[in-house]
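Architecture and fold: a report
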Amino acid sequence: MINKDSNFYDVVGIGNAIVDVLAKVGEGFLKERGLPKGGMTLLSAPGKIYAEIMPEREVSGGSAANTVAALASLGGQPAFIGKVHDDELGQEFGRDIGAAGVDFFTTPLNEGPVTGRSIVLVTPDAERSMFTYLGASKMLSVADIDEEIIKSARIVYLEGYLWDEEEAKKAMTKACELAHRHRKKVAFSLSDKSCVNRHREEFLKLIEDYVDILFGNEEEIKALFEEPDFYKTLDMIKGKVETAAVTRSAKGSVIVNGRTKTYVEAETVENVVDSTGAGDLYAAGFLYGYTQGRSLGTCAMIGGIAAAEILGHYGARPEVSLRGFVRNRLKAYGKFIIFRQISVN
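Here goes a summary of the coordinates provided.

Thresholds applied
- Residues numbered from 1 in each chain as written.
- Predicted model: local features only at pLDDT ≥ 70, side-chain atom pairs only at ≥ 80, totals over all residues.
- Heavy atoms only, no water.
- Helix = DSSP H or I, 4+ residues; strand = E, 2+ residues; numbered from the N terminus.
- Rg over C-alpha atoms; globule rule 2.2 N^0.38 Å.
- Contact = heavy atoms within 4.5 Å.
- Lys, Arg positive; Asp, Glu negative; His and termini not counted.
- Charge placed at Lys NZ, Arg CZ, Asp CG, Glu CD.
- Buried < 20%, exposed > 50% of the residue type's maximum accessible area, 1.4 Å probe, protein only.
- Pairing = 2+ DSSP bridges.
- Axes fitted to C-alpha atoms, helices over the stretch in contact; angles between N-to-C directions.
- Left-handed = near helix turned anticlockwise from the far one by under 90°.
- Nonpolar A, V, L, I, M, F, W, Y, C, P; charged D, E, K, R; others polar.

The subject of this paragraph is the overall build of the chain. Of the regular secondary structure elements, the chain holds eleven helices and 15 strands. For 345 residues, the compact-globule estimate of 2.2 N^0.38 gives 20 Å, and the C-alpha radius of gyration of the chain, at 19 Å, lies within 12% of that figure. A separation of at least 24 residues holds for 75% of the contacts in the chain among residues at least 6 apart in sequence. Of the side chains in the chain, 41 bear a positive and 48 a negative charge, and the two mean positions are spaced by 6 Å.

Every regular strand shows the same layout, with side chains that alternate between the two sheet faces. Here strand E5 (residues 78–81) shows no split at all, with Pro78 and Phe80 on one side and Ala79 and Ile81 on the other all buried. Inspection of the sheet shows strand E1 (residues 9–14) paired to E5 by four bridges, in the parallel sense. By the bridge assignment for E5, Ile14 is matched with Ile81. In terms of strand pairing, E5 meets strand E6 (residues 103–104) through two bridges, oriented parallel. Bridged to Phe80 within E6 is Phe104.

It is worth spelling out the packing of helix H9 (residues 278–291) against helix H10 (residues 296–311) at this point. The geometry of H9 relative to H10 is characterised by a closest axis approach of 7 Å and an angle of 145° between their N-to-C directions. Considering only the axes of H9 and H10, their crossing is right-handed. Every residue of H10 that contacts H9 at Ala278, Leu281, Tyr282, Gly285, Phe286, Gly289 and Tyr290 is listed here: Leu296, Cys299, Ala300, Ile302, Gly303, Gly304, Ala306, Ala307, Ile310 and Leu311. Looking at side-chain class alone, the contact of H9 with H10 contains 13 nonpolar, four polar and no charged residues.

Set out below in structure tokens:
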């Protein structure tokens, strides 16, 4: 288990520093423009979508940034490494993530691409379709990986989306090398099925070489191993990482740790409004529990509770203190927290 006395940060997240622009649209909006529904589509330029919507919210975002912001809301101490431009949106990103309780010191660009943004279109069925212009975030480089920050963290958390850029890929590898040099854990999120399909072989090598804690959903894990049988993928992952946390939406999650699989039920959400960031919040809850020395089953429960909070409203940031929210939900379970564990050879 992690020695908590020798670290300042619980988690240092490394990812795309972008501003999330959220808007509600009808099904027709996507169909009329030929926009793909679900998942994440990369844009080569900011595009005209922004001009055609009425944003509900604009907040600092990006997958790993959402995770560390939620971890701060849980009571953890996080930092974030990501690249913005020194423009209006970049300055807003810094103010917003700082207000969330996250340390952010990465030097911004003074020239080149503007700050990235992700236009998140939410349809009435709560499905989110992301159209992302990476902008300055894709300029993250090895020079931005501060060894002192890596050294001061218990866990270094990386998002798979970063792998789309060569320089960012080098930066991620450097962070992994430094983390292991200083005996820190490396956590990695597969991010998106399309991301896995683009980089499958490289992801497998990264996982085998560096990753201690792997996050992914059912479809991402199937894509990673090119295996349609979900239960077979659980056996395939067990020898590659110390711990894998696999989410299954309404079916809850499965934690694979060596020979043991722990099945945790999903939290009940009466009215699912928006699924944006649910995986990011699950990772935050799991990592918070992990750094606090909780059992893996409890870590998964905390992750599920954190994800449930944002499913009931728009956006990937909690509307209440997650620390109190999680505490109350766990207290409601009392002594009746039961996990189904299966040990296999």
